[in-house]
Amino acid sequence: MPEIPTTAPLPGQDHFVAPLGETPLEATGTLDTSRPPESQWKEAWKNLRRNVLFWVSAIILGFVLVVVAFPGLFTDLNPLKADLSRSLEGPSSGHIAGFDKQGYDVFARTIYGARASVSVGVACTLVVTILGLISGALAGFYGGWVDTIVSRIADIFFAIPLLLGAIVGLSVLNNAWPDRGFGGGVVAVTFALAAFGWPQVTRIARSAVLEVKNLEFVDAARAIGASQARNLWRHVVPNALAPVIVIATVSLGIFIVAEATLSFLGIGLPYGVVSWGNDISAAQNQIRSGQRLGVLFWPASALAVTVLGFILLGDAVQDALDPKSRKKD
């Protein structure tokens, strides 16, 4: 095999290399080791602050929370005071949305209706998240017969549509507990929806725990003597919370819509409770006859804007917590 000459370059292959003093090297890729590393949540908060959707949803939901907590700031009218002489009367001074068929002030009922609808959504989301996180974490971490039992029970409830199961459950509760008032109505609708809403959170929590439990820091904690329970709740669950928080944020809007749907069908919150679903249900006669469509417009718009705020917040939280779904610039 002939040897390749390596002494002198061939004509046209000369290379010019500038002296090192003329081209000093610049420091690149330096790492500041004096500062502690940022946590996942601090980095997520920084990403949220740069997201326009987060600030739009924060403005919407901040306003909704103020309405829920302090409805008297927006109206001094009693939403339960009816004046039949002003039935279906249009907007006038002090009554910007007019009156419904029963003579209730539409704007006052829209403002006070936020309390019931948002309360059901928040309470239902809390119950579903807690049940789903605990059951999913246990199933994913311990595996074996625990995983089998939890997964099969979740499959059974997951096969039942949310609204259909809630309709059946509330139909039974309405017969056993007819006079339950505001608090009882919120509790009944919350548990009827939560009973069939937790399997989705369970599946997501189980998948997240399965992914986290085999990472190196979990093995390190086990090696220094951490018990299984401590490893699960101290190390695995906090690092598997991101997808659970995302689904919980989106579920808030879903449960508010579900409550409005059940109340529209007449089996959700009691009729005497002021809620957006009850007011939309009461306005369906005006929809058919074409009279005073504004009676429907106000509660329906409030419901739509609130749900939109939670959906936007869910998208922003997902972009901040899930690097795989984060949009590239």
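Analysis parameters
Residues numbered from 1 in each chain as written. Predicted model: local features only at pLDDT ≥ 70, side-chain atom pairs only at ≥ 80, totals over all residues. Heavy atoms only, no water. UniProt positions renumbered as here; feature names shortened; annotations may be inferred. Helix = DSSP H or I, 4+ residues; strand = E, 2+ residues; numbered from the N terminus. Areas by Shrake-Rupley, 256 points an atom, 1.4 Å probe, with all protein chains shown as cover. Salt bridge = Lys/Arg side-chain N within 4 Å of Asp/Glu carboxyl O. Buried < 20%, exposed > 50% of the residue type's maximum accessible area, 1.4 Å probe, protein only. Phe/Tyr/Trp six-rings, centres within 6.5 Å; stacked < 30°, edge-to-face > 60°. Lys NZ or Arg CZ within 6 Å of the ring centre and 35° of its normal.

Named according to an unreviewed UniProt entry, the protein chain is Peptide ABC transporter permease originating from Aeromicrobium flavum. Here is the UniProt Sequence similarities (unreviewed entry) comment for the protein chain, exactly as written: "Belongs to the binding-protein-dependent transport system permease family." Under the UniProt heading Subcellular location (unreviewed entry), the entry covering the protein chain gives this text: "Cell membrane".

Looking now at the overall build of the protein chain. A count of helices and strands for the protein chain gives 12 helices and zero strands. When the helices and strands of the protein chain are listed from N to C terminus, the series reads α-α-α-α-α-α-α-α-α-α-α-α. Carbon and sulfur atoms provide 65% of the accessible area of the protein chain, an area that totals close to 19100 Å².

Now for the pattern of salt bridges. Considering all chains together, one arrives at five salt bridges under this definition. With its nearest N and O atoms 2.9 Å apart, the salt bridge here joins R152 to D155. In this pair, R152 and D155 both sit in helix α4 (residues 144–158), three residues apart, roughly one turn of the helix. The closest approach of N and O atoms between D155 and R203, which form a salt bridge, is 3.0 Å. Taken together, the positions of D155 in helix α4 and R203 in helix α6 (residues 181–212) put the pair 48 residues apart, joining distant regions of the chain. On the basis of relative accessibility, which here comes to 28%, the residue D155 falls in the partly exposed class. Salt bridges sharing common partners tie together R152, D155 and R203.

This part takes up the packing of aromatic side chains. On inspection of all chains with the given rule, the structure shows seven aromatic pairs. Geometrically, the ring pair formed by F157 and W198 is tilted, given 5.7 Å between the ring centres and 55° between the ring planes. Placement of the pair is F157 in helix α4 and W198 in helix α6, with a sequence separation of 41 residues. Among the residues examined, F157 registers a relative accessible area of 27% and is labelled partly exposed. Taking relative accessible area as the criterion, W198 reaches 13% and is therefore assigned buried. Members of the aromatic cluster, connected to one another through ring pairs, are F107, F297 and W298. The ring centre of Y104 lies 4.6 Å from the NZ or CZ of R109, which sits over that ring. The aromatic ring of F158 is capped on one face by R203, whose charged end is 4.2 Å from the ring centroid.

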